[in-house]
Amino acid sequence: MVAFPTETVYGLGANAWDASAVEDIFRAKGRPANDPLIVHVAEFDQLTTVACDVPELAWDLGRRFWPGALTLVLKKSARIPANVTSGLETVAVRVPDHPIATALLEAAAVPIAAPSANRFSAPSPTRAQHVLDDLGDAVDIVLDAGETAIGVESTILSLVDGMPRLLRPGGVPLEDLLELIPGLGYSPHFLGEEDVAPAPGALLKHYSPRARLLLIRGDDAAVRAAIGAEIARHPNSGALVFDADAAALSHLDLKIERLGNDNRQAARRLFAAMRALDAKGVDLIIARAPRRRGLGLALWDRLLRAAEGAVIDV
Ligand code: AMP
Ligand code: MG
């Protein structure tokens, strides 16, 4: 098991051909066996070693977006062990865009199955220290390449049931996919823990800090007023805000983590900021709901899941 950087978040990788190595990943993360892993390959022509019946659209997407933060769900090749895909007949594949990930894949000369290198359902790791904080001695090697560039996970697109389906918004914005897939939308169906999951990764609770999270949605002035009011009501709370909000809220004695000026910066900082507020011991995190454009859709998705659906409209 090797934890390694990608352009999205740190992954916890093992030889994708080796079922017992893959088993170690599930154990180290405390990840349920029904949550499948993403298989990473060094170059996109290796797709056919892990997937079969690859449609033309997959090659078109690969040429346009790989290496990059797009994961494709395809029909699995027989050689992929069942635990990688949680028994599904499909496999998630991507070519990461990071020199260390590429070097690792080339040195290993096998596809690498890797989920994010965090404790199951915790915020994803964007720094090597997050991996150590979560997994400690459970992981053999951590390759440290500093902070990851994108900061949220890959976009997951399924190409197995006729119509392409966006399963998870991520580092490649939906708007970019529209160039090749006109009309593609995102209509998530979130599941509670009590549901029997028909599709992996659909759990509403995910990416969660220890503190409860509350999302506030509305125009700038109303959101700032509501953040102020919620903070006043909950003395041990903190806030995740954009820089412009932080300036407007500076009169309050807040535990604030700034997300920067735009969605790109916010994506890079989001998970580290959640972890930082947890480290400050707050029991409630109040956050502005981002606008769902560009990387904002992935931010919205992560925040909504971290909040387990708790949104206030103002
Ligand atoms: P992680 O890398 O930790 O974000 O986890 C990988 C995610 O990829 C899973 O939680 C699923 O949402 C998704 N995934 C992996 N394999 C499949 C598959 N065969 N079908 C649908 N989604 C998948
Ligand atoms: Mg994960």
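Here the structure is shown first, and the text comes after it.
Here the residue numbers are simple positions, counted from 1 along each chain's written sequence. Just so you know, chain letters begin at A and ligand numbers begin at 1, following the order they were written in. With pLDDT at 70 or above as the cut-off, local features in this predicted model cover only qualifying residues; side-chain atom pairs require 80 or more to be listed or tallied, and sums for whole chains, interfaces and linings still use all residues. Side-chain numbers here rest on the full set of heavy atoms in the structure, without hydrogens or water.

Enquirer: Can you help me understand the overall build of the chain in this one?
Expert: Tallying secondary structure elements over the chain gives ten helices and 15 strands in all. Over its C-alpha trace the chain gives a radius of gyration of 19 Å, about what one expects of a compact globule, namely 20 Å for 314 residues. By principal-axis analysis of the C-alpha atoms, the chain measures approximately 60 × 45 × 40 Å. Counting the 314 residues in the chain, one finds 54% classified as buried. Contacts spanning at least 24 positions in sequence make up 67% of the contacts within the chain whose residues lie at least 6 apart. Element-wise, carbon and sulfur atoms account for 51% of the exposed surface of the chain, whose accessible area totals about 13300 Å². For the chain, the separation between the mean place of its 32 positive charges and that of its 40 negative charges on side chains is 4 Å. Secondary structure elements are defined from DSSP: runs of H or I of at least 4 residues count as helices, runs of E of at least 2 residues count as strands, and each element is numbered from the N terminus. Between the two quantities, the radius of gyration covers C-alpha atoms and the globule rule is 2.2 Å times the number of residues to the power 0.38. Partly exposed residues are those whose accessible area sits between 20% and 50% of the maximum for their type, while under 20% is buried and over 50% is exposed, using a 1.4 Å probe and protein chains only. The contact criterion used is simple: two residues touch if any of their non-hydrogen atoms lie within 4.5 Å. Using the Shrake-Rupley algorithm and a 1.4 Å probe, accessible areas are obtained, with residue cover drawn only from the displayed protein chains. Working convention for charge: Lys and Arg count positive, Asp and Glu count negative, and His plus the chain ends are omitted. By convention, charge coordinates are those of NZ in Lys, CZ in Arg, CG in Asp, or CD in Glu.

Enquirer: Sorry if this is basic, but what is going on with the site of ligand 1 here?
Expert: For this description, a residue counts as near a given molecule or strand if any of its non-hydrogen atoms is within 4 Å of it. The immediate surroundings of ligand 1 are formed by 17 residues, with Arg31, Asp35, Thr90, Ser116 and Arg168 found nearest. A 3.5 Å cut-off defines polar contacts: any pair of N or O atoms within that distance qualifies, except that in protein one atom must be a possible hydrogen donor and the other a possible acceptor, and neighbouring residues in sequence count only when both atoms are side-chain atoms. At 3.1 Å from an oxygen atom of ligand 1 is found a side-chain nitrogen or oxygen belonging to serine 116. Here an oxygen atom of ligand 1 and a side-chain polar atom of arginine 168 are 2.5 Å apart. In the complex, the protein chains occlude 93% of the 500 Å² of accessible area that ligand 1 would expose alone. Counting residues per element, the ones that place at least two in the shell around ligand 1 are β6 (90–94) and β10 (165–168). The classification used treats Ala, Val, Leu, Ile, Met, Phe, Trp, Tyr, Cys and Pro as nonpolar, Asp, Glu, Lys and Arg as charged, and all other residues, Gly among them, as polar. Looking at the shell around ligand 1 residue by residue, the classes come out as eleven nonpolar, three polar and three charged.

Enquirer: Before we go on, may I ask you to explain the pairing of strand β5 (residues 70–76) in this structure?
Expert: Side-chain positions along a regular strand alternate between the two faces of the sheet. Among the seven residues that make up β5, six are buried, leaving the element largely enclosed by the rest of the structure. At least two DSSP bridges between two strands are needed for those strands to be called paired. Relative to β5, strand β4 (residues 51–52) runs antiparallel, the two being bridged by two bridges. Paired with alanine 51 across the bridge in β5 is lysine 76. Pairing of β5 with strand β9 (residues 155–158), which is carried by four bridges, proceeds in the parallel orientation. Within β9, the position partnered with valine 73 by the bridge is serine 158. For β5 and β6, the ladder comprises four bridges, and the chain directions are antiparallel. Counted as the bridge partner of lysine 75 is threonine 90 from β6.

Enquirer: Teacher, can you tell me more about the side chain of glutamate 153 here?
Expert: When you line up the elements, glutamate 153 lands in the loop between β8 (141–142) and β9. Only 2.7 Å separates the side chain of glutamate 153 from the side chain of arginine 302, close enough to count as a polar contact. Not counting chain neighbours up to four residues away, the residues in contact with glutamate 153 comprise Thr8, Val9, Ser124, Arg168, Gly170, Gly171, Tyr207, Phe271 and Arg302.

Enquirer: Hey, could you run me through the packing of aromatic side chains in this one?
Expert: Here a Phe, Tyr or Trp ring, Trp counted by its six-membered ring, pairs with any other such ring whose centre lies within 6.5 Å, and the pair is stacked when the planes are under 30 degrees apart, edge-to-face when over 60, and tilted otherwise. Under the counting rule described, the total for this entry stands at one aromatic pair. Judged by centre distance (5.9 Å) and plane angle (55°), the ring pair of phenylalanine 44 and tryptophan 59 falls under tilted. Placement of phenylalanine 44 in the loop between β3 (38–40) and α2 (47–50) and of tryptophan 59 in helix α3 (residues 56–65) is noted, with a sequence separation of 15 residues between them. Here, a charge over a ring is recorded when the distance from Lys NZ or Arg CZ to the ring centre is within 6 Å and its angle to the ring normal is within 35 degrees. Sitting over the ring of tryptophan 17, arginine 79 keeps its end group 3.9 Å from the ring centre.

Enquirer: Got a minute to help me understand the sheet that holds strand β14 (residues 284–288) in this structure?
Expert: Within the open sheet, the five strands sit side by side as β13-β12-β14-β11-β15. Their pairing is parallel. Both edges of this open sheet fall to β13 (255–258) and β15 (311–313), since each of them pairs with a single strand only. Adjacent strand axes in the sheet meet at a mean angle of 25°, parallel and antiparallel pairs treated alike. Taken together, the four bridges between strand β12 (residues 237–241) and β14 define a ladder with parallel strand orientation. Between N-to-C directions, angles span 0 to 180 degrees; the directions come from axes that are lines fitted to C-alpha atoms, helices contributing only their stretch in contact.

Enquirer: How should helix α7 (residues 220–233) be read in this particular structure?
Expert: Every α-helix carries 3.6 residues per turn, so stepping three or four residues along brings you back to the same face. Residue count minus one, scaled by 1.5 Å, sets the expected span of a helix. With 14 residues, α7 ought to run about 20 Å at 1.5 Å a step, and its terminal C-alpha atoms sit 20 Å apart, in line with that. Those residues of α7 that fall on the buried side of the exposure criterion are Val223, Ala226, Ile227, Gly228, Glu230 and Ile231. Buried residues in α7 make contact with β11 (212–217), β12, β14 and β15.

Enquirer: So what exactly am I meant to see when it comes to the nonpolar core here?
Expert: Of all hydrophobic cores here, the largest spans 75 residues; its most connected members are Leu61, Leu70, Leu72, Leu213, Leu215 and Leu240. If we skip the residues at most four places from it in the chain, leucine 70 touches Leu61, Phe65, Val93, Arg94, Ser154, Thr155, Leu157, Val172 and Leu177. As used here, the term nonpolar core means buried Ala, Val, Leu, Ile, Met, Phe, Trp, Tyr and Cys residues forming a set that is joined through side-chain atoms within 4.5 Å. Judged by nonpolar contacts, the second largest core, of 13 residues, contains Ile216, Val223, Ile227 and Ile286.

Enquirer: What should I look at first to understand the packing of helix α9 (residues 263–279) against helix α10 (residues 296–306) in this one?
Expert: For any two helices packed against each other, the geometry comes down to the angle between their axes and how far apart the axes lie. Where α9 meets α10, the closest approach of the two axes is 9 Å, and the angle between their N-to-C directions is 20°. In terms of axis orientation, α9 runs roughly parallel to α10. Classified by chirality, the crossing of α10 by α9 is left-handed. Residues Asn263, Ala266, Ala267, Leu270, Phe271 and Met274 of α9 lie in contact with α10, whose contacting residues are Gly296, Leu299, Arg302, Leu303 and Ala306. Looking at side-chain class alone, the contact of α9 with α10 contains eight nonpolar, two polar and one charged residues. Roughly parallel covers angles under 35 degrees, roughly antiparallel covers those over 145, roughly perpendicular covers 65 to 115, and oblique covers all other angles. Crossing chirality is assigned from the near helix's rotation relative to the far helix, an anticlockwise turn below a right angle marking it left-handed and a clockwise turn marking it right-handed.

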